[in-house]
Amino acid sequence: MSEDVRLYIVTDDPARACLAVIGCHITELPPIFRIVTGPEQIAAIPNGARCIGHWFSWKVRHPSRAQMAWEELRARAGDRRPIGLDDKFFQLIDEWNAKRRKAESERLASIVAEYVTDNSQGGAPAENPQKQRWF
């Protein structure tokens, strides 16, 4: 399965890293991205794979096992920069997000149009509008 992964995100906070790096919530993350947090997962990232570390709590004096695994992976790559990332790759992510947001917007507009059409055809008003609230 790892051959299908285009980017590994190594982090200590998957939800925040997903928003920061990919620009979407973790529940919307496509399978071409994999978020890894544990030392075993980090060590299993294949050589030459595209990956980025996005840490929110980096401990210098007492690093976690995950931090040590990340440092080892970077040393194995022989490079101190993120592996295989460039502006073009992030432009592709931005394009994906733009297409996703456009599709969501069009779908929402379609749902609202259906709702307005259904209610304008003489549907009975709700007995208690408060019951329709989502919260």
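Just above, that's the structure.
Let us look at the structure shown here. (Residues numbered from 1 in each chain as written. Predicted model: local features only at pLDDT ≥ 70, side-chain atom pairs only at ≥ 80, totals over all residues. Heavy atoms only, no water.)

Thoughts on the overall build of the protein
Regarding its fold elements, the protein presents four helices and three strands. Ordered by position from the N terminus, the helices and strands of the protein form the series β-α-β-α-β-α-α. Expressed as a percentage of contacts within the protein between residues at least 6 apart in sequence, the contacts between residues at least 24 apart total 71%. (Helix = DSSP H or I, 4+ residues; strand = E, 2+ residues; numbered from the N terminus. Contact = heavy atoms within 4.5 Å.)

Digging into the packing of aromatic side chains
Counted by the stated rule, this structure contains three aromatic pairs. Measuring from centroid to centroid gives 6.1 Å for F89 and F90, while their planes differ by 80°, and the two rings are edge-to-face. With a relative accessible area of 27%, F90 lands in the partly exposed category. Stacked on the ring of W96, the Lys or Arg R100 has its end atom at 5.2 Å from the ring centre. (Phe/Tyr/Trp six-rings, centres within 6.5 Å; stacked < 30°, edge-to-face > 60°. Buried < 20%, exposed > 50% of the residue type's maximum accessible area, 1.4 Å probe, protein only. Lys NZ or Arg CZ within 6 Å of the ring centre and 35° of its normal.)

Some thoughts on the side chain of Q67
Take Q67: it is sitting in helix α3 (residues 65–77). When its relative accessible area of 2% is taken as the criterion, Q67 is described as buried. The contact partners of Q67, leaving out residues within four places of it in the chain, are W55, S57, W58 and K59.

Examining a nonpolar patch on the surface
Together, L108, I111, V112, Y115 and V116 make up an exposed nonpolar region whose accessible area comes to about 480 Å². Note that L108 resides in helix α4 (residues 87–120). (Patch = residues over 30% accessible without salt bridge, like charges linked within 9 Å, V, L, I, M, F, W, Y side chains within 5 Å. Areas by Shrake-Rupley, 256 points an atom, 1.4 Å probe, with all protein chains shown as cover. Salt bridge = Lys/Arg side-chain N within 4 Å of Asp/Glu carboxyl O.)

Some thoughts on the pairing of strand β1 (residues 7–11)
Here β1 lies mainly inside the structure; five of its five residues are buried. Bridge analysis of β1 against strand β2 (residues 33–36) gives four bridges, and the strand direction is parallel. Counterpart to I9 in the pairing with β2 is I35. Since β1 and β2 lie parallel, the crossover through helix α1 (residues 14–22) that links them has a hand, and here it is right-handed. Relative to strand β3 (residues 51–54), β1 runs parallel, the two sharing four bridges. Directly across from Y8, in β3, lies its bridge partner C51. (Pairing = 2+ DSSP bridges. Right-handed = clockwise from strand over helix to strand, strands pointing away.)

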